[in-house]
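Here is what each chain is made of, one letter per residue.
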Amino acid sequence: MKDFDKQRHFLMDVFKSPAYIPMKKKDLEILLDVEKDKRAEFAEVLQDLVDDGQVEITKRGKYQIPENRPKFIKTKDHRSKKGTKAETAAKKQSLNQVAKRANRPSDDNIEPDIIGRFISHKDGFGFIEVEGQEEDYFVGRDNTGFAMQDDIVAAVLTFGAPGKRQEARVIRIITHGFSDVVGTYEDSGTFGFVVADSQKMLRDIFIPSGKSMGAVSGHKVVCHIDDYGDDDHKPEGHITEILGHKNDPGVDILSIVKAFGITTEFPDKVIKQASTVAKPVSEADMAGRNDIRDLCVVTIDGEDTKDIDDGVSLVMDGDNYVLGVHIADVTNYVQESSALDVEALKRGTSVYLADRVIPMLPHTLSNGMCSLNEGEDRLALSCIMTFDKKGNLVDHEICESVIHSNHRMTYTSIYAIMTGDAQEREKYADVAEMIDKMYELSKILRAKRKKRGSIDFDFPETHILIDENGKVVGLAPYERNDAHKLIEDFMLAANETVAEHFNLMESPFVYRVHGAPDPEKMQTLGKFLGACGYSLKGNKDSIHPKEIQKMLDSLKGHEDEAVITKMTLRCMQQAKYDTECKGHFGLAAQYYCHFTSPIRRYPDLQIHRIIKDHLRGRMNERKLSHYESILPQVALETSKLERRAEDCEREVDKLKMVQYMKEFIGQEFEGSISSITGWGMYVELENTVEGLVHVSTLYDDHYEFIEENLTLVGERTGRTFKLGQPVTVVLDSVDEQARTIDFVLTEFQRF
């Protein structure tokens, strides 16, 4: 009994510590080094404290002191990842420290050493990113000053061991990075709380009486923060929007969309303007354009695509291929500075999610008058290119046109024609020969692009199948065949041709640029390849894409191909928009832009305006000055909005994969190690789902992370886990809130 009571007192000291963050039982076991044969007794002590009412278990299965009053800082429940031995020791040390913040002199008059953007971590600590500095600053959990993600903060430097990251302490928050939070409302009678979805928001938000908009427990809401709180008070706010109950179909995805600040509805003024301008093509609209409605044009898209912004044509001129890429002339309907234009720039891009598309333009335009629908006359910008039989561009014309789509075709149909399907060739007899010639040209252009060094990262993508209730019913790989590649080849050719044309004219323009890989990352990749018996030739500080392409080609069919390809992709910079033509490393292209998708990408729409001003002779000094003044901001903003859309799409996919996998907890899967870190290894299943095998679940040894060759090696046994290694795992748990999946190796499964 004495030991039992001692454990009770010890655990209460832990729970009452200001440094304690609510944890699940297994995380407490790791933190407190509870031996395996003592875990049943440890569970009894925990349950005894719960039965006495001294400790409560949150809805997420975490232990904490009961919280009865809104006034008292309590860190929001969040997923607590088990860390390395060093991290565990650091946590133990922090639990034994007394908070010193109350005894500090006022920070208001202290001169800061640095000012930067705060990046929060779900475990309470953070980093300060200072513009122009490569290395950021570590901020301990007790030194954040309650700064939150993206806050601009002033900080003083504390210490930094030689060779270690410099540390800092936040002394004041200059501006907050966000004012709206998406989360779940919890009603407490006379007041309420919002538990934020984001792992970056570590405190619940107090909602006073009368400021809940009538929300009830379980509602997903958008909350505006009125007061960010301090040492003694929680943040306080009011509800601005109720998205629906957390269990309603589609609300989970809508919550993610709102958390990213993505607008789903169009303002009435924009809807009205779209309806006004979406008129059928008239004779006046066609005046001054090339009327090429007699040219056989087909569109090639997925079965479900509704916003069709590109069509293609091909005729032979002797041995030369005359390829036409015809793009919807969206600028005819979206005038600069109109309500439609302002809204399109605000969105930047369409967002493609598992269960919906959030378009850049209203459906009246995106699926209607701007879509190159079969059998309809449409206004277009055409890039007509003449290639010789070696794929050299020998002539080109960029013009305003009127086209008529003969067929709305799918990748499935095109691929069937390309591979000799008699039924499909008969169905499309009027265009089958043209498709054959397109296939010829596609292969020529692709081979030419490959010869110059273009890199093709061909990863399998996953199609998430969702029913009408928002439930994931399956995961299916997207098939990328030669029909997809054909359209890709033609769009790339048009984008390069347009970019080169206007660069040589020295016109203001928006280019798509992709910089060379980071030399340090390439050095790391080179070392890893060497350890695996492969090599990457060339100067790692200024490598040519052709060397990377050769290395990847040499791996074709090898068991390490997928892993090394992924590692190589991680070395690449992110492509972005720029007013300077800096080239595209991945495509090994000197000139590149986005010209082919003005319905769903604002940069394409913007350069269409520039093209038309040149074609119509309107590019005078005033116009040149105008574009030179606005384009840098357009490039910057649309690059940010593109990343926002990609992040949102990624988070939705992660959520849906977690929801799908929770039906299979306890089941066994075959997979391969896709990534290795100090805290464990990530395993990817055949269905592309990825989850973590935490190092703490490898009970047979203590495993060290060897960064040089990205392996986990047992200290005693020498057992090694490496990238690409096949493993058998059991699905241990999923966390919808954190959107994470945990596996254990089958041999270490706990029964």
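Predicted, not measured: the structure shown is a model, and the values here were computed from it.

Caption draft 1: Broad picture of the packing of helix α8 (residues 339-347) against helix α18 (residues 621-661). Between α8 and α18, the least distance of the axes is 8 Å, while the angle of their chain directions is 60°. The angle between α8 and α18 places the two elements in the oblique class. Counting all contacts with α8, which are made through Leu345, Lys346 and Arg347, the residues of α18 involved are Thr638, Leu641 and Arg644. Tallied by class, the residues present in the contact of α8 with α18 amount to two nonpolar, one polar and three charged.

Caption draft 2: Here's a closer look at the sheet that holds strand β25 (residues 668-677). As summarised here, the arrangement of the five strands in space is β25-β26-β27-β32-β31, forming a closed barrel in which the pairing is mixed. Across the sheet, the mean angle separating the axes of adjacent strands is 50° when strand polarity is ignored.

Caption draft 3: Quick peek at the pattern of salt bridges. A full pass over the atoms with the stated rule returns 38 salt bridges. The salt bridge involving Glu488 is made with Arg480; its shortest N-O contact spans 3.0 Å. The exposure class assigned to Glu488 is partly exposed, which follows from its relative accessible area of 31%. Its salt-bridge partner being Asp700, residue Arg719 comes within 3.4 Å of it at the nearest N-O pair. You can see Arg719 sitting in the loop between β29 (711-714) and β30 (720-722) and its partner Asp700 sitting in the loop between β27 (690-694) and β28 (703-706), a full 19 residues away along the chain. On the basis of relative accessibility, which here comes to 27%, the residue Arg719 falls in the partly exposed class. On the basis of relative accessibility, which here comes to 23%, the residue Asp700 falls in the partly exposed class.

Caption draft 4: How the structure looks around the sheet that holds strand β7 (residues 168-175). Pairing is antiparallel across the open sheet formed by five strands, whose spatial order is β5-β4-β3-β6-β7. With one partner strand each, in any of the chains shown, β5 (137-139) and β7 form the two edges of the open sheet. When the angles between neighbouring strand axes are averaged without regard to direction, this sheet yields 40°. In this sheet, β5 lies alongside strand β4 (residues 126-129) in antiparallel orientation, the contact comprising three bridges. When the bridges of β5 are listed, Ile128 appears paired with Tyr137.

Caption draft 5: Region of interest: helix α13 (residues 482-504). Counted at 1.5 Å a residue, the expected span for α13 with its 23 residues is 33 Å, and the 33 Å between its end C-alpha atoms agrees. The opening residue of α13, the one whose side-chain oxygen lies 2.9 Å from the backbone nitrogen of Ala483, is Asn481.

Caption draft 6: Geometry of a negative patch on the surface. Together, Asp226, Asp227, Asp230, Asp231 and Asp232 make up a negatively charged patch on the protein surface. For Asp226, the location among the structural elements is in strand β11 (residues 219-227). Under the relative-accessibility criterion, Asp226 is labelled partly exposed at 41%.

Caption draft 7: Broad picture of the nonpolar core. Within the largest apolar cluster, 53 residues are counted, with the highest numbers of intra-cluster contacts made by Val312, Val325, Phe490, Val498, Phe509 and Phe595. At 10 residues, the largest contribution of residues to this core is made by α13. When near neighbours in sequence (up to four residues on either side) are disregarded, Val498 contacts Cys383, Ile398, Phe509, Cys593, Phe595 and Ile611. Counting residues in hydrophobic clusters, the runner-up holds 48 residues, among them Leu525, Leu529, Cys571 and Tyr660.

Caption draft 8: Region of interest: the environment of Ile242. Looking at the secondary structure, you find Ile242 in strand β12 (residues 236-245). Owing to a relative accessible area of 30%, Ile242 belongs among the partly exposed residues under this scheme. Remark: the alpha-carbon pair of Ile242 and Val222, spanning 20 residues in sequence, is separated by 6.4 Å.

Caption draft 9: Region of interest: the side chain of Asn481. You can see Asn481 is positioned in the loop between β22 (472-478) and α13. Accessibility expressed as a relative area gives 12% for Asn481, which makes it buried. A polar atom in the side chain of Asn481 sits 2.9 Å from the backbone nitrogen of Ala483. Among the polar contacts made by the side chain of Asn481, one reaches the side chain of His484 at a distance of 3.1 Å.

Caption draft 10: Expanded view of the environment of Ala354. On the secondary structure map, Ala354 appears in the loop between β17 (351-352) and β18 (357-358). For Ala354, a relative accessible area of 24% corresponds to the partly exposed category. Residues Ala354 and Lys272 lie 82 residues apart in sequence; the distance between their C-alpha atoms is 28 Å.

Caption draft 11: Summary view of a positive patch on the surface. Taken together, the side chains of Lys389, Lys390, Lys448 and Lys451 define a basic patch exposed on the protein surface. On the secondary structure map, Lys389 appears in the loop between β19 (377-387) and β20 (393-410).

Caption draft 12: Summary view of the side chain of Ser507. When you line up the elements, Ser507 lands in the loop between α13 and β23 (511-513). Taking relative accessible area as the criterion, Ser507 reaches 9% and is therefore assigned buried. Side-chain polar atoms of Ser507 contact the side chain of His614, separated by 2.8 Å. Each residue touching Ser507, except ones within four places of it in the same chain, is listed here: Phe502, Ile610 and His614.

Rules behind the numbers
- Every chain is numbered on its own, with residues counted from 1 as its sequence reads.
- Totals for whole chains, interfaces and linings use all residues, but because this is a predicted model, local features are given only for residues with pLDDT of at least 70 and pairs of side-chain atoms are given and counted only at 80 or more.
- Working from all heavy atoms in the structure, the side-chain values ignore hydrogens and water.
- In this analysis, axes come from line fits to C-alpha atoms, helices being fitted only over the stretch in contact, and the angle between any two N-to-C directions falls in the range 0 to 180 degrees.
- Numbering of helices and strands runs from the N terminus; a helix is a DSSP stretch of H or I covering at least four residues, while a strand is a stretch of E covering at least two.
- When describing relative orientation, an angle under 35 degrees is termed roughly parallel and one over 145 degrees roughly antiparallel, while 65 to 115 degrees is termed roughly perpendicular and anything else oblique.
- Every residue pair with non-hydrogen atoms within 4.5 Å of one another is taken to be in contact.
- When residue character is reported, Ala, Val, Leu, Ile, Met, Phe, Trp, Tyr, Cys and Pro are called nonpolar, Asp, Glu, Lys and Arg charged, and the others, Gly included, polar.
- When DSSP locates at least two bridges between a pair of strands, those strands are taken to pair.
- One side-chain nitrogen of Lys or Arg within 4 Å of one carboxyl oxygen of Asp or Glu is enough to make a salt bridge.
- Under the scheme applied here, a residue whose accessible area is under 20% of the maximum for its type counts as buried, over 50% as exposed, and between as partly exposed, the area being computed with a 1.4 Å probe on protein chains only.
- A helix is expected to span 1.5 Å for every residue after the first.
- As used in this structure description, the phrase polar contact means that two N or O atoms lie within 3.5 Å; if the pair is within protein, one of them must be able to donate a hydrogen and the other to accept it, and residues adjacent in sequence are counted only when both atoms belong to side chains.
- In this analysis, a patch consists of residues with relative accessible area above 30% that form no salt bridge, clustered at 9 Å for like charges and at 5 Å for the nonpolar side chains Val, Leu, Ile, Met, Phe, Trp and Tyr.
- The protein chains shown are the only cover counted for residues, whose accessible areas, like all others here, come from Shrake-Rupley with a 1.4 Å probe.
- We treat Lys and Arg as the positive residues and Asp and Glu as the negative residues; His and chain ends play no part in the count.
- A single reference atom marks each charge: NZ on Lys, CZ on Arg, CG on Asp, CD on Glu.
- Remark: nonpolar core denotes a set of buried residues (Ala, Val, Leu, Ile, Met, Phe, Trp, Tyr, Cys) joined through side-chain atoms within 4.5 Å.

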